[in-house]
Amino acid sequence: DANGKNVSLKDFRGKIVVLDFCASWCGPCRKEMRSMLTIYNELKADDLEFISISLDSKEENWRKMLEEENLPWVMLWNEEGFVIGNEPNKIQRAYGFYSIPFIVLIDKEGRLLAKDLRGERVKEEILKARADYNL
């Protein structure tokens, strides 16, 4: 995180997690963050956590994005960077993506519920996940 602390997805067990993989140089990523801010403000609660993971190759680019976007959720940096063409990095292999923005929804037990979300689908999947827990 911005303070140099390592963060694990396990730290958020018991919450629905919106996990956003992005980069400062990715215009669609920045647009998606603004869309997610609207959803965050509408749905924020103790059972929901938003996390953006920057795949910038340079930490200073990520930190500049932090200042510019000023988002209220957890902002992390993966120092491996985004790999195009060659062997994908560890996080890209784990979640199976080769382009960004890439947004996934994880349930309270840490299971992947939905992936490759954008726009209103982010909100729809959060509401669906909450409904499943409130049955």
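Please refer to the structure placed before this passage.
Criteria and cut-off values
Residues numbered from 1 in each chain as written. Predicted model: local features only at pLDDT ≥ 70, side-chain atom pairs only at ≥ 80, totals over all residues. Heavy atoms only, no water. Helix = DSSP H or I, 4+ residues; strand = E, 2+ residues; numbered from the N terminus. Buried < 20%, exposed > 50% of the residue type's maximum accessible area, 1.4 Å probe, protein only. Contact = heavy atoms within 4.5 Å. Areas by Shrake-Rupley, 256 points an atom, 1.4 Å probe, with all protein chains shown as cover. Lys, Arg positive; Asp, Glu negative; His and termini not counted. Charge placed at Lys NZ, Arg CZ, Asp CG, Glu CD. Pairing = 2+ DSSP bridges. Axes fitted to C-alpha atoms, helices over the stretch in contact; angles between N-to-C directions. Left-handed = near helix turned anticlockwise from the far one by under 90°. Nonpolar A, V, L, I, M, F, W, Y, C, P; charged D, E, K, R; others polar. Disulfide = S-S within 2.5 Å.

A separate point is the overall build of the protein. Of the regular secondary structure elements, the protein holds four helices and five strands. Within the span of the protein, comprising 135 residues, buried residues form 47% of the whole. In the protein, of all internal contacts separated by at least 6 residues, the share reaching a separation of at least 24 is 61%. Per element, the accessible surface of the protein, about 7600 Å² overall, is 46% carbon and sulfur. Taking the 21 positively charged and 24 negatively charged side chains of the protein as two groups, their mean positions are separated by 1 Å.

The next subject is the pairing of strand E5 (residues 112-115). One ladder, built from three bridges, connects strand E4 (residues 102-106) with E5; its direction is antiparallel. The residue of E5 that forms the bridge with Val104 is Lys115. Counting the residues that bridge the hairpin from E4 to E5 gives five residues, and of these Gly110 lies at a positive phi of roughly 90 degrees.

Two elements in contact, helix H1 (residues 27-43) and helix H2 (residues 59-69), have axes whose closest approach is 12 Å; the angle formed by their N-to-C orientations is 40 degrees. Taken as a pair, H1 and H2 cross one another with a handedness that is right-handed. Of the residues in H2, those in contact with Arg30, Met33 and Arg34 of H1 are Met65, Glu68 and Glu69. For the contact of H1 with H2, the per-class residue count stands at two nonpolar, no polar and four charged.

The next subject is the environment of Leu76. Structurally, the position occupied by Leu76 is in strand E3 (residues 74-77). Residue Leu76 is classed as buried on the basis of its relative accessible area of 12%. Along the primary structure Leu76 and Ala2 are separated by 74 residues, whereas in three dimensions their C-alpha atoms are 6.9 Å apart. Excluding anything up to four places from it in sequence, Leu76 contacts Asp1, Val7, Ile51, Ser52, Ile53, Ser54 and Trp62.

The subject of this paragraph is the state of the cysteines. Note on terminology: a disulfide is the covalent bond linking the sulfur atoms of two cysteines. Applying the stated criterion across every chain yields a total of one disulfide. In this model, Cys26 is linked to Cys29 through a disulfide, with the two sulfur atoms separated by 2.4 Å. Taking the sign of the S-S torsion, 80 degrees for the link of Cys26 and Cys29, the bridge is right-handed. Side by side, Cys26 and Cys29 carry an identical accessibility label, which is buried. With no disulfide of its own, Cys22 lies 5.7 Å from the sulfur of Cys29, the closest cysteine sulfur.

Cis geometry marks the peptide bond from Ile100 to Pro101; its omega dihedral reads 5 degrees. Looking at the element boundaries, Pro101 is found in the loop between helix H3 (90-95) and E4. At Asn70, a residue that is not glycine, the phi angle is positive and equals roughly 50 degrees. One can find Asn70 in the loop between H2 and E3. A relative accessible area of 63% places Asn70 in the exposed class.

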